Amino acid sequence: MPRAPFNPALFLLPAGALLLAGCSLLPVPREHPIVPGDEPRLVAPVAPARWALVLSSGAMRGFAHVGVIRELRAAGLEPDLIVGTSVGAAVGVLAASGLDDEQLAEAAEAIGMNVFGDLRLSRFGLIGGGGIHEFIDRFSRYRTIEEFPIRFAAVAVEAERSCLEIFNAGDAGKTVQASTGVPVVFSPASIRGRRYLDGALVSPLPVRVARALGAQRVVAVDVVFDPKERPFSSLVEAFWRISLVTQWALTANEAADADIVLRPALPPEGVITFSGRDALIEAGARTARESLSRISRLLAAAPPSRDRLHSTLEELVCPDSYAALRGPSRAERP
C-alpha cells in the first residue's frame with residue numbers, strides 16, 4: 001500500500017492545519033479587551049500541590065488529553081495542579097476551570113474553523129489569535145485563572161528575550177493565546193508590551209515548571225510526535241523534521257523528571273483531523289484506564305524529598321519569573 005503523503009499540518013496547531021490545507025478562513029469575533037489588572041502573570045506558589053497533571057503540546061493529537069482527563073475523573077483522580085503547553089494549555093485550562101465531562105466534550109467538539117479563522121495579516125503572523133482567546137474565555141465563563149477550582153499554569157516563550165514565561169493568574173483566554181502562538185502562523189500575543197510565542201519552542205512537556213510550582217508528584221501526558229514513527233523522503237519532509245526532532249528531544253528530556261508518563265497509542269496520521277477527534281479522545285481514555293492502578297499506587301505513597309527547582313530553569317525561565325519561583329533568599333527572609 002502506498003504511503004500517505006506527508007502532511008505538516010498534523011504537527012502544527014489546528015489553525016496551521018487549516019491554513020496549510022488551503023481552506024478559506026472564516027471571520028470570527030475579535031477578542032474582547034482584558035480588564036486592567038487581569039493581564040496574564042505569574043503568582044508565586046504559596047503551598048505545595050500533592051500532584052500535577054502535565055499536558056504536552058501536539059496540535060490535533062492533543063484531543064487525546066480530553067480522554068485522559070475523563071478517565072482520571074471517573075476514577076476519582078483529580079489533580080491539584082494542571083500545567084500545559086500549547087494545545088495542552090487549551091485543554092488543561094478548560095478542565096481546571098471546572099467544566100464537567102459533558103461540557104469539556106462540548107468544547108472539544110466546538111473547536112474548528114470558526115475558532116481559528118481570525119485571518120489578520122501582520123509583520124509577524126497570518127492569523128490574529130483572537131479567536132482562541134475568545135473561545136477559551138467563553139467556555140471558562142470569563143473567569144480569571146485564580147478563580148478556577150483547580151490550580152492551572154501555562155508556559156509561553158517571550159519572543160524578544162527567548163525565555164520561558166509562566167502564567168498562572170489573570171485572563172485565561174489570553175494565557176492560552178500566548179501559549180499556542182505558533183510562529184508565522186499566529187501573530188504573537190501581546191501582554192504588558194511583550195510578545196509571546198508557542199511554549200512548545202522551549203518546553204513542550206512542562207514537567208519542571210510543575211515541580212517549580214510545588215508539585216510533589218507529576219503525571220505527564222505526552223502526545224508529541226515521535227519522528228521515528230515516520231522516515232522522511234523529500235526536501236519538505238526534511239525541513240519539517242528539524243522542528244519535530246527538536247520538540248521530541250525537549251519532550252524526552254523533561255519526561256525523565258515525571259513520576260509517570262502516559263503516551264497514548266494514537267491512530268494513523270490520516271485519522272488525526274478534526275473529524276477524527278473521537279478516535280483521539282478514546283486513545284487517551286484507553287491509555288489512562290490502563291494506567292489507573294499505577295497512578296493510584298503512586299499517589300498513595302509518600303513523595304520523596306527532591307529539589308523543587310531544576311538547575312536548567314535558571315537559564316530558561318524569564319528572570320523576574322524565576323526570582324518569583326525561587327522566593328526570597330535567606331538574607332531577605334524575616
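The structure contained in this document is the topic of the report that follows. Starting afresh in each chain, residues are numbered from 1 along the sequence in its written order. Confidence filtering applies because this is a predicted model: local features only for residues at pLDDT of at least 70, side-chain atom pairs given and counted only at 80 or more, and all residues used for totals across whole chains, interfaces and linings. With hydrogens and water excluded, all non-hydrogen atoms of the structure serve as input to the side-chain values.

## Regarding the overall build of the protein
On a plain count of helices and strands, the protein comes out with twelve helices and ten strands. Any two residues whose heavy atoms approach within 4.5 Å are treated as being in contact. Counted over contacts in the protein with a minimum sequence separation of 6, partners at least 24 positions apart contribute 78%. Using a 1.4 Å probe, accessible areas were evaluated by the Shrake-Rupley method; residue-level cover was limited to the displayed protein chains. Carbon and sulfur atoms make up 57% of the accessible area of the protein, which totals about 14,600 Å². Every helix listed is a DSSP run of H or I at least four residues long, and every strand listed is a run of E at least two residues long, numbered separately from the N terminus.

## With respect to the state of the cysteines
Disulfides are defined as cysteine sulfur pairs within 2.5 Å. This structure, assessed with the given rule, holds one disulfide. Residue pairing for Cys 163: its cysteine sulfur links by disulfide to Cys 318, the two sulfurs lying 2.1 Å apart. Taking the torsion about the S-S bond as the criterion, the Cys 163 to Cys 318 disulfide, at about 90 degrees, is right-handed. Of this pair, Cys 163 sits in strand 5 (residues 163-167) while Cys 318 sits in the loop between helix 11 (313-316) and helix 12 (319-326), and the two are 155 residues apart along the sequence.

## Brief notes about the nonpolar core
Leu 53, Leu 94, Ile 136 and Phe 152 are the most contacted members of the largest nonpolar core, which has 50 residues in total. Here Phe 152 is in contact with Leu 81, Ile 82, Gly 84, Ala 89, Gly 92, Val 93, Ala 96, Ile 145, Phe 167, Asn 168 and Thr 175, once residues within four sequence places are set aside. Buried Ala, Val, Leu, Ile, Met, Phe, Trp, Tyr and Cys residues form a nonpolar core when they are joined through side-chain atoms within 4.5 Å. For every residue, the accessible area (1.4 Å probe, protein chains only) is compared with the maximum for its type, and the residue is labelled buried under 20%, exposed over 50%, or partly exposed between those bounds. Judged by nonpolar contacts, the second largest core, of 29 residues, contains Val 54, Leu 81, Val 209 and Val 218.

## Some points on the side chain of Arg 217
You can see Arg 217 is positioned in the loop between helix 8 (207-212) and strand 9 (218-221). Under the relative-accessibility criterion, Arg 217 is labelled buried at 10%. Each polar contact in these results corresponds to two N or O atoms within 3.5 Å; when the atoms are within protein, one needs to be able to donate a hydrogen and the other to accept it, and residues that are neighboring in sequence are counted only if both atoms are side-chain atoms. Of the polar contacts made by the side chain of Arg 217, one reaches the backbone oxygen of Ala 302; its length is 3.2 Å.

## Digging into the environment of Ala 285
Topologically, Ala 285 is positioned in helix 10 (residues 277-300). Residue classification places Ala 285 among the buried residues on the basis of a relative accessible area of 0%. The sequence separation of Ala 285 and Val 66 amounts to 219 residues, and the corresponding C-alpha distance is 7.8 Å. For Ala 285, the contacting residues outside a window of four places in its chain are Gly 67, Val 68, Arg 70 and Glu 71.

## Description of the layout of surface pockets
Size it by volume and the second largest pocket reaches roughly 270 Å³. Only protein atoms enter the 1 Å grid used here. Points where a 1.4 Å probe fits but cannot escape make up a cavity, open sets with protein on both sides within 12 Å along at least five of seven lines make up a pocket, and a residue lines them when an atom lies within 4 Å of a point. For the second largest pocket, the lining is made up of 16 residues, of which Val 43, Pro 45, Arg 151, Phe 152 and Asn 168 are closest to its centre. Here the lining of the second largest pocket is composed, by residue class, of 13 nonpolar, one polar and two charged. Grid points are joined across faces, edges and corners, and a volume is the space filled by probe spheres set on the points. Residues are sorted three ways: Asp, Glu, Lys and Arg are charged, Ala, Val, Leu, Ile, Met, Phe, Trp, Tyr, Cys and Pro are nonpolar, and all the rest, Gly among them, are polar.

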